[in-house]
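Next come the chains, spelled out residue by residue.
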Amino acid sequence: MVDQFNLRISNQGIPPEEMQAIRVELKGEHGELGDEKFDVIVCASAYHHFPDINDVTRILAHFLKPNGVLLVVDLSKRSDSEERAHGDGHHGHAHHPLIPEKFHHLVPHRGGLDESDMRKAFESAGLAFSFEDGLTAKNDTKLFLAKGIKRA
């Protein structure tokens, strides 16, 4: 994916010095990314794939400047009544209809995430937390927006 992105950017005449994607395994430690800090970090439709959202949030928060903002948009956890109405729950495990059953073993939070999940992750990373639920995307998919601000 990274190579494809960089090829598309290059095909548009944008040099790598101006824009390029990289793939790294970050740990939130001194020296990573040249100690670069960011005003805003956006993570869209990825958190439900992470086994440990607390650790990912801690790592991302490490790269924020003071008063920097972490924005996460992802699948909202469906209520029990929604699960029953759609028949998507199996043996007490919520499954989101966008995630085909053959991929359930690859998606730790396949039922989505809720405000309490995100609050715990953001606050344990030292971020001031706010949450907006009830966003709707393609195919009536329910999303949330979690926002964290790194305290100065």
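What you see is a predicted model, and the numbers here were worked out from it, not measured in a lab.

Draft legend 1. Broad picture of the side chain of Thr141. Here Thr141 shows up in strand 4 (residues 141-150). For Thr141, a relative accessible area of 6% translates into the label buried. A polar contact of 2.8 Å, which involves the side chain of Thr141, links it to the backbone oxygen of Lys138.

Draft legend 2. Structural view of the layout of surface pockets. What the largest pocket holds in volume is close to 690 Å³. Those elements giving two or more residues to the lining of the largest pocket turn out to be helix 1 (2-11) and strand 1 (38-44). Across the lining of the largest pocket, the residue classes break down as 11 nonpolar, one polar and two charged. When its volume is computed, the second largest pocket comes out at roughly 240 Å³. Lining the second largest pocket are Leu26, Ile41, Val42, Cys43, Phe50, Asp52, Asp55, Val56, Ile59 and Leu60. Elements supplying a minimum of two residues to the lining of the second largest pocket: strand 1 and helix 2 (53-62). If one sorts the elements of the lining of the second largest pocket by residue count, helix 2 sits on top with four residues. Grouping the amino acids of the lining of the second largest pocket by side-chain chemistry returns eight nonpolar, no polar and two charged.

Draft legend 3. Expanded view of the confidence of the model for the chain. When pLDDT is averaged along the chain, the result is 87, and 84% of the positions lie at 70 or above. Predicted confidence is poor over residues 86-93, with pLDDT under 50, and the contacts of this stretch with residues over four places away or in other chains come to eight contacts.

Draft legend 4. Inspection of the pattern of salt bridges at higher detail. A complete count under the given rule lists seven salt bridges for this structure. Of the charged contacts, one joins Arg58 and Asp55 as a salt bridge, the two residues approaching to 2.8 Å between their closest N and O atoms. With Arg58 and Asp55 both in helix 2 and three residues apart, this pair spans about one turn of that helix. What makes Asp55 partly exposed here is its relative accessible area of 32%. In this structure, Asp114 engages Lys77 in a salt bridge whose closest nitrogen and oxygen atoms are separated by 3.9 Å. Remark: Lys77 occurs in the loop between strand 2 (64-75) and helix 3 (80-86) and Asp114 occurs in the loop between helix 3 and helix 4 (115-124); sequence separation between them is 37 residues. For Asp114, a relative accessible area of 24% corresponds to the partly exposed category. A cluster of three or more residues bridged by salt bridges with shared partners is formed by Lys77, Asp114 and Asp117.

Procedures and definitions
- Residues numbered from 1 in each chain as written.
- Predicted model: local features only at pLDDT ≥ 70, side-chain atom pairs only at ≥ 80, totals over all residues.
- Heavy atoms only, no water.
- Helix = DSSP H or I, 4+ residues; strand = E, 2+ residues; numbered from the N terminus.
- Buried < 20%, exposed > 50% of the residue type's maximum accessible area, 1.4 Å probe, protein only.
- Polar contact = N/O pair within 3.5 Å; in protein donor to acceptor, adjacent residues only side chain to side chain.
- 1 Å grid on protein atoms, 1.4 Å probe; cavity = no way out; pocket = protein on both sides within 12 Å on 5 of 7 lines; lining within 4 Å.
- Points joined across faces, edges and corners; volume = space filled by probe spheres on them.
- Nonpolar A, V, L, I, M, F, W, Y, C, P; charged D, E, K, R; others polar.
- pLDDT = per-residue confidence, 0-100.
- Contact = heavy atoms within 4.5 Å.
- Salt bridge = Lys/Arg side-chain N within 4 Å of Asp/Glu carboxyl O.

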